[in-house]
Amino acid sequence: MRFCFAVFSALMALPAFAQDMPDPAYQDDRSSPQAVVQSLYNAINREEYLRAWSYYGANSHAQSNDTAASADYEAFKAGYEETKAVTLLTGEPTEEGAAGSSYYYLPVAIDAQNHDGTRAQFAGCFTLKLALPTNQDAPPYAPMHIEEGKLETVESKALDAVLPTDCTPE
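As the structure is a prediction and not an experimental result, all values here were calculated from the model.

Rules and cut-offs
Residues numbered from 1 in each chain as written. Predicted model: local features only at pLDDT ≥ 70, side-chain atom pairs only at ≥ 80, totals over all residues. Heavy atoms only, no water. Helix = DSSP H or I, 4+ residues; strand = E, 2+ residues; numbered from the N terminus. Expected span 1.5 Å × (residues − 1). Buried < 20%, exposed > 50% of the residue type's maximum accessible area, 1.4 Å probe, protein only. Contact = heavy atoms within 4.5 Å. Disulfide = S-S within 2.5 Å. Core = buried A, V, L, I, M, F, W, Y, C linked by side-chain atoms within 4.5 Å. pLDDT = per-residue confidence, 0-100. Salt bridge = Lys/Arg side-chain N within 4 Å of Asp/Glu carboxyl O. Polar contact = N/O pair within 3.5 Å; in protein donor to acceptor, adjacent residues only side chain to side chain.

Residues spaced three or four apart along an α-helix point in a common direction, a consequence of the helix completing one turn every 3.6 residues. Here helix α2 (residues 33–45) spans 19 Å end to end across 13 residues, near enough to the 18 Å set by a 1.5 Å rise per residue. Counting buried positions along α2 yields twelve of 13 residues, so the element is predominantly enclosed. Taken residue by residue, α2 has P33, Q34, A35, V36, V37, S39, L40, Y41, N42, A43, I44 and N45 as its buried positions. Looking at the buried positions of α2, the neighbouring elements they touch are α3 (49–54), β1 (83–90), β3 (101–114), β4 (119–131) and β5 (145–154).

The next thing to look at is unusual backbone geometry. Of note, the bond from P139 into P140 is cis; its omega dihedral lies within 30 degrees of zero at -5 degrees. By the secondary structure assignment, P140 is in the loop between β4 and β5. For E47, which is not glycine, the phi torsion reads 60 degrees and is therefore positive. Its place among the elements puts E47 in the loop between α2 and α3. The class for E47 is partly exposed, based on a relative accessible area of 44%.

The next thing to look at is the state of the cysteines. Going through the model one piece at a time under the given rule, you end up with one disulfide. At a sulfur-sulfur separation of 1.9 Å, the disulfide partner of C125 is C167. A torsion of -75 degrees about the S-S bond marks the disulfide between C125 and C167 as left-handed. One end of the pair, C125, is in strand β4; the other, C167, is in the segment after α6 (159–162), with 42 residues separating them in the sequence.

Let's shift gears to the side chain of T83. Here T83 shows up in strand β1. Apart from the residues lying within four places of it in its own chain, the contact partners of T83 are I44, Q113, N114 and H115.

Attention shifts here to the nonpolar core. Residues V37, L40, Y41, I44, F126, L128 and I146 are the most contacted members of the largest nonpolar core, which totals 25 residues. Going through the elements one at a time, α2, α3, α5 (67–78), β3 and β4 are the ones with two or more residues in this core. Counting residues per element, this core draws most heavily on α2, which supplies six residues. With five residues, the next largest nonpolar core counts A109, A123, L159 and L163 among its residues.

It is worth spelling out the confidence of the model for the chain at this point. Per-residue pLDDT for the chain has a mean of 84; in total, 80% of the residues score no lower than 70. The lowest-confidence element of the chain is helix α1 (residues 2–19), averaging 35 in pLDDT; the highest-confidence one is α2, averaging 97. Contacts from residues 1–19, a stretch scored under 50 in pLDDT, to residues over four places away or in other chains number one contact.

Another aspect to go through is the pattern of salt bridges. Summed over all chains, the structure comprises four salt bridges. The shortest N-O distance in the salt bridge between R51 and E48 comes to 2.7 Å. A relative accessible area of 12% means that R51 is categorised as buried. Taken together, the shared-partner salt bridges in this structure form one network comprising R46, E48 and R51.

Here the focus is the side chain of Q121. Considering the arrangement of structural elements, one finds Q121 in strand β4. With relative accessibility at 5%, the residue Q121 sits in the buried group. Looking at Q121, its side chain comes within polar contact range of the side chain of D111, at 3.2 Å. Side-chain polar atoms of Q121 contact the backbone nitrogen of K157, separated by 2.8 Å.

Written as structure tokens, this is what we have:
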């Protein structure tokens, strides 16, 4: 009985300990739709907003002197200034091919915790694109990237309860 109480006490102390943990390990993986979106939220959790922004297609090709792109980035960054950590759950993507590209539709649910301790949950779909590497033969190379993310606020529940079942466009 003493062992069970000790284990229970240690588990109860875990959330407080977790708050003091270092940043998550760096992840930059564009090998699948899930990996791209996981990398996006890894960058947000590490407060690496320019890297997070780069997972969106047009942003990865913007020039440093592009005033509109710089303004868009600043707005993107400001949107996460209160975010402390994001927990992500992804579903199974669906895929469609179109003229040398593959499009992926990925169901996503997230739990976002702010620095003040408040939480919000969002669910929706990400659209990702991969121009087939065999069709690319001139710089710059375009890796798999996010074309669009549409998330809506949802009632707080377990993430698997709010995860969309399908994101295939109609």
